[in-house]
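Each chain, letter by letter, is given below.
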Amino acid sequence: MRGSELKQMGYPEGNTTTLALNLVGKACESGWDVDDVRDVLEKLVEEPGEYAEHEIFGELAEAIGERVLFRERDEPAPWKQWGSDLDPAAIGQLENACRLPVSVAGALMPDAHRGYGLPIGGVLATEGAVIPYAVGVDIACRMKMTVFDAPPSALEHDKEHLSKIIEDETRFGIGAYFDKPHDHEVMDRDWGVSPVTRRLKEKARYQLGSSGSGNHFAEWGVLTLADDALGVKKGQYLALLTHSGSRGVGASVANHYSKLAREWHPELPKELQHLAWLELDSELGQEYWAAMSLMGEYAAANHAVMHREIVEALGAEVVADVENHHNFAWKEEHDGREVVVHRKGATPAGKGVLGVIPGSMAEPGFVVRGKGEATSLESAAHGAGRVMSRRQAKREISWKDVQAELDASGVTLLSADLDEAPDVYKDIESVMSHQDDLVEIVARFDPKIVKMAPPGEPPED
DNA sequence: ATGTAC
């Protein structure tokens, strides 16, 4: 008997096949007929639970018992898209995600673009499984806004002070951390839930309250409420908006479990490997879920520390705040089924749920209230969405163009790189207009003082 | 998004 025959039956290549072949040899030595072996192997891969106590093949049943193996399904899981002119690569990625046997439904948001595994702006509901790369590398990347009992005129007459507060209280760039770590009760949680979080707990402590790189930012701006909302009267307010996530530790958790998931599902065709899942009732699945949940708390604490320090430095009263994850997985009920909803660059938009959808450094962002649209899996866009790669941006955009846009919007840029220029993003107003069935706009936020990671060092190789 | 390793 050969490995190729096992593969045809649906056995994953690698360790499982090696084990199976060893056991086949053992069976034949003890006098089994080859046809009987085949018969057992065919049934075992379908119903491993039935063979857990089998005298010879019990070990094999145990090895694959927790796995739902990839089988091409007759029909892809249903999905729907919002917005026009979506990146074909992003559409292809969502189509691929809907081929998985664990997928239940999908949705593609109007800011969608190509990601790793699931596209950014992709939403995927699965049953009994979680996909590390459908959560994303920056687990629990999120938004937080604090609204102050202060007029927006502070942005003019107190500009130097506000700028200094951001410079003093944030840390930007890959690997950024504080020399003297901040305190937060999240560090009292059980960081032993995963070998990764156990190993990196001290790194997490030093990065608490930091912003990182890429599209992360901290900005002061004007929040405009056309009506009373968020517990405050209509009008204009000074507000702080931050975008950050679970930093280096979250990235390590994501990459670690995605690699293990790929090894756990070696039967996946190449184009689906980055969508490798972990069954929720498997040991690895539970470990990832616990680590992901901790990263959710950590990312929330990250923003909480940042806002706590900035509020203290400013000394103004806080009248409202809004926050939400947009890279995470939740256990939710949809269509009467308990499913895992992955939102990778998608804002939760359940009925009445508040969230923040930022634009670019020179364009407005919005506080939104979800409408609970079932076919979007109660989700909305998480931003304007990129229209060009970082490399293309650095090639095609000049600082002169950026400065003109900043001047037109009255924005002071403390630091950023060209790959976050306003022109690398879709028009946010257009994105919002494509999702008016998903969210209603509660307030508008216009950035005025913006801080992002400064240009990085060129790669050394 | 992250940051130094199959």
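This text gives an overview of the structure that appears in the document. All values derive from a computational prediction rather than experimental measurement.

### Considering a negative patch on the surface
Thought 1: Judged by side-chain charge, E53, E59, E62, E66, D281 and E283 come together as a negatively charged surface patch.
Thought 2: On the secondary structure map, E53 appears in the loop between α3 (34–46) and α4 (58–65).
Thought 3: The exposure class assigned to E53 is exposed, which follows from its relative accessible area of 77%.

### Some remarks on the sheet that holds strand β3 (residues 120–126)
Thought 1: With mixed pairing, the 5 strands of this open sheet are ordered in space as β1-β2-β3-β11-β10. In this open sheet, the two strands that pair with only one neighbour each are β1 (79–81) and β10 (327–334). Looking at each pair of strands side by side, their axes are set apart by 15° on average, direction ignored.
Thought 2: Pairing of β10 with strand β11 (residues 337–344) involves 8 bridges; the strand directions are antiparallel. Residue pairing for β11: N327 is matched across the bridge by K344.
Thought 3: Sheet strands in contact with helix α5 (residues 88–97) are β1, β2 (103–113) and β3, and its direction is about 170° off that of β2.
Thought 4: Sheet contacts for helix α12 (residues 283–314): β10 and β11; angle to β10, the most-contacted strand, approximately 110°.

### Thoughts on unusual backbone geometry
With the exception of glycine, the majority of residues adopt a negative phi angle, and the majority of peptide bonds are in the trans configuration.
Thought 1: Of note, D85 is a non-glycine position whose phi angle comes to about 55°, a positive value.
Thought 2: Checked against the element boundaries, D85 lands in the loop between β1 and α5.
Thought 3: A relative accessible area of 75% places D85 in the exposed class.
Thought 4: With phi around 60°, L230 is a residue other than glycine that occupies positive phi space.
Thought 5: As for its position among the elements, L230 is in the loop between β6 (217–225) and β7 (235–244).

The rules behind the values
- Residues numbered from 1 in each chain as written.
- Chains lettered and ligands numbered in written order.
- Predicted model: local features only at pLDDT ≥ 70, side-chain atom pairs only at ≥ 80, totals over all residues.
- Heavy atoms only, no water.
- Patch = residues over 30% accessible without salt bridge, like charges linked within 9 Å, V, L, I, M, F, W, Y side chains within 5 Å.
- Areas by Shrake-Rupley, 256 points an atom, 1.4 Å probe, with all protein chains shown as cover.
- Salt bridge = Lys/Arg side-chain N within 4 Å of Asp/Glu carboxyl O.
- Lys, Arg positive; Asp, Glu negative; His and termini not counted.
- Charge placed at Lys NZ, Arg CZ, Asp CG, Glu CD.
- Helix = DSSP H or I, 4+ residues; strand = E, 2+ residues; numbered from the N terminus.
- Buried < 20%, exposed > 50% of the residue type's maximum accessible area, 1.4 Å probe, protein only.
- Pairing = 2+ DSSP bridges.
- Axes fitted to C-alpha atoms, helices over the stretch in contact; angles between N-to-C directions.
- Contact = heavy atoms within 4.5 Å.

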